[in-house]
Amino acid sequence: MDPNQPVTENYANPKTCFFHVLFKAAALAFYILSALFIDNFVIIFVVTVLLAALDFWVVKNVSGRILVGLRWWNEINDLGESVWKFECLDQESMARMNKKDSWLFWWTLYLTAVAWIVFGIFSLIRLQADYLLVIGVCVTLSIANIIGFTKCKKDAKKQFQQFASQTLASRFSSTLSSAFSVV
């Protein structure tokens, strides 16, 4: 091995990465190829939406937790208001997350939504309103994950900053109190 060659990081969770990409690619590929081989809109709608829903579930409940250490969900409280809930690993665990896994997670999350939006533009240009319904569902699921994980990431950063501030403040006060107790 050449000592001057930089060490490249491998995927820490290749199976999770595979399934993270699989359902996205399957939904997009089925949608594209179905126009060539299938003449039944109902089949195209059901299979594409099913694959997009599987992608949504895998990203939200499995790959998000494993690849970036984040998880989100939405609840309705007693007042009927929507409340976002977030989970993240502790700061030490987050620092150990694999950069390549994280990169794959975020880029595929955004690129999939962009691809669906591009297909939506093509459907608008071709005046295919029925296909806009399929694309609308797929874009909605993709964007829901983007919003959920982006909010979760921001909440995690805020929690880390609050923890750091509290830790610093408690150390300062304990140092100060020990300095006065010695006198």
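Higher on the page you've got the structure.
Everything quoted here is computed from the prediction, not taken from an experiment.

Asker: Can you help me understand the overall build of the protein in this one?
Answerer: The helix and strand tally for the protein stands at five helices and two strands. Moving toward the C terminus, one meets the helices and strands of the protein in the order α-α-β-β-α-α-α. Taking all 183 residues of the protein together, 31% fall into the buried category. Look at the contacts in the protein between residues 6 or more apart in sequence, and 70% of them connect residues 24 or more apart. Roughly 12,000 Å² of accessible area belongs to the protein as shown, and the carbon and sulfur atoms make up 67% of that amount.

Asker: It is not clear to me how the packing of helix 1 (residues 14–37) against helix 2 (residues 41–67) should be interpreted in this structure. Could you clarify?
Answerer: Between two packed helices, the angle of one axis relative to the other and the distance separating the axes together describe the packing. Following both chains from N to C, one finds helix 1 and helix 2 inclined at 165°, their axes separated by 9 Å at the closest point. Considering their axes alone, helix 1 and helix 2 lie roughly antiparallel with respect to each other. When the axes of helix 1 and helix 2 are compared, the crossing they make is left-handed. Per-class residue counts for the contact of helix 1 with helix 2 are 17 nonpolar, five polar and two charged.

Asker: Sorry if this is basic, but what is going on with a nonpolar patch on the surface here?
Answerer: Taken together, the side chains of V114, I117, V118, I121, F122, I125, I143 and I147 make up a nonpolar region of the molecular surface, amounting to roughly 680 Å² of accessible area. For the nonpolar patch, the secondary structure elements donating two or more residues are helix 4 (99–125) and helix 5 (129–182). Sorting elements by how many residues they give to the nonpolar patch places helix 4 first, with six residues. Tracing the backbone shows V118 in helix 4.

Asker: Help me understand the pattern of salt bridges in this model?
Answerer: Any two side chains of opposite charge can pair, on the condition that their charged atoms come close. Overall, the coordinates contain one salt bridge when judged by the stated rule. The partner of D55 in a salt bridge is K24, with the nearest N and O atoms 2.8 Å apart. Of this pair, D55 sits in helix 2 while K24 sits in helix 1, placing them 31 residues apart in sequence. In this structure, D55 and K24 share a single accessibility class: buried.

Asker: Help me understand the packing of helix 1 against helix 4 in this model?
Answerer: Relative orientation of the contacting elements helix 1 and helix 4 amounts to 10°, with a least axis distance of 10 Å. Comparing the axis directions of helix 1 and helix 4 gives the class roughly parallel. Facing helix 1, whose interface residues are C17, H20, V21, K24, A27, L28, Y31 and I32, helix 4 presents D101, L104, F105, T108, L109, T112, A115, W116, F119 and S123.

Asker: What exactly am I supposed to notice about unusual backbone geometry here?
Answerer: Leaving glycine out, the prevailing phi sign among residues is negative, and the prevailing peptide bond configuration is trans. In the Ramachandran plot, L127 falls in the positive-phi region, its phi being about 55° despite a non-glycine side chain. Tracing the backbone shows L127 in the loop between helix 4 and helix 5. Here L127 falls in the exposed class, since its relative accessible area comes to 76%.

Rules used in this analysis
- Every chain's residues receive numbers from 1 upward, in the order its sequence appears when written.
- Totals for whole chains, interfaces and linings use every residue, but because this is a predicted model, local features are given only for residues with pLDDT of at least 70 and side-chain atom pairs only at 80 or more, for both listing and counting.
- Only hydrogens and water are set aside when side-chain values are computed; all heavy atoms of the structure are taken into account.
- Note on conventions: DSSP H or I runs of at least 4 residues are helices, E runs of at least 2 residues are strands, and numbering of each starts at the N terminus.
- Exposed residues in this analysis have more than 50% of their type's maximum accessible area, buried residues have under 20%, and partly exposed residues fall in between, with area computed by a 1.4 Å probe over protein chains only.
- Note on contacts: a residue pair is in contact if any heavy atoms of the two residues lie within 4.5 Å.
- Every accessible area reported is derived by Shrake-Rupley at a probe size of 1.4 Å, with residue values counting cover from the shown protein chains alone.
- Helix axes are fitted to C-alpha atoms over the stretch in contact, other axes to C-alpha atoms as well, and angles between N-to-C directions run from 0 to 180 degrees.
- Orientation categories follow fixed angle ranges, with anything under 35 degrees roughly parallel, anything over 145 roughly antiparallel, 65 to 115 roughly perpendicular, and all other angles oblique.
- Each crossing is labelled by how the near helix is turned from the far one, with a counterclockwise turn of less than a right angle marking it left-handed and a clockwise turn marking it right-handed.
- By the convention adopted, Pro, Cys, Tyr, Trp, Phe, Met, Ile, Leu, Val and Ala count as nonpolar, Lys, Arg, Asp and Glu as charged, and the other residues, Gly among them, as polar.
- Without a salt bridge and with relative accessible area above 30%, a residue can belong to a patch; like charges are then joined within 9 Å and nonpolar side chains (Val, Leu, Ile, Met, Phe, Trp, Tyr) within 5 Å.
- By convention in these notes, a salt bridge is any Lys or Arg side-chain nitrogen within 4 Å of a carboxyl oxygen on Asp or Glu.

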